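Residue-level listing of the chains:
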Amino acid sequence: MSNPDLPPDDDPQTAWEKLPKNTPSRQALPPMTGGTRWVWAFGILFLIIVIFGILQGRIG
């Protein structure tokens, strides 16, 4: 909570604005898709099981 009796302090804001504004490196950015590597792995495994099941049903 802010204290209404105190005047606003502009020094931190001006110090923040003076900092260099660089674009973040690729290593600093989080992965865009989060965990799609696991989703792809489970999806491919699921498709293999489905195809195997379909082939078993047609052959047997």
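This text follows the structure it describes.
Participant: Quick question: what am I supposed to make of the overall build of the chain here?
Facilitator: Helix and strand counts for the chain stand at two helices and zero strands. For the chain, the proportion of its 60 residues judged to be buried stands at 0%. With an accessible surface of roughly 6500 Å², the chain has 67% of that area assigned to carbon and sulfur atoms.

Participant: What is the right way to look at a nonpolar patch on the surface in this model?
Facilitator: Taken together, Phe46, Leu47, Val50, Ile51, Ile54 and Leu55 make up a surface patch of nonpolar side chains, about 560 Å² in accessible area. With respect to the helices and strands, valine 50 occurs in helix α2 (residues 36-59). Take valine 50: its relative accessible area is 31%, and that puts it in the partly exposed class.

Participant: Just checking my understanding: could you explain the packing of aromatic side chains for this structure?
Facilitator: Each aromatic ring pair is characterised by the separation of its centres together with the angle its planes make. Under the counting rule described, the total for this entry stands at zero aromatic pairs. Just above the ring of tryptophan 16 sits the side chain of lysine 21; from NZ or CZ to the centre is 5.7 Å.

The rules behind each value
Residues numbered from 1 in each chain as written. Predicted model: local features only at pLDDT ≥ 70, side-chain atom pairs only at ≥ 80, totals over all residues. Heavy atoms only, no water. Helix = DSSP H or I, 4+ residues; strand = E, 2+ residues; numbered from the N terminus. Buried < 20%, exposed > 50% of the residue type's maximum accessible area, 1.4 Å probe, protein only. Areas by Shrake-Rupley, 256 points an atom, 1.4 Å probe, with all protein chains shown as cover. Patch = residues over 30% accessible without salt bridge, like charges linked within 9 Å, V, L, I, M, F, W, Y side chains within 5 Å. Salt bridge = Lys/Arg side-chain N within 4 Å of Asp/Glu carboxyl O. Phe/Tyr/Trp six-rings, centres within 6.5 Å; stacked < 30°, edge-to-face > 60°. Lys NZ or Arg CZ within 6 Å of the ring centre and 35° of its normal.

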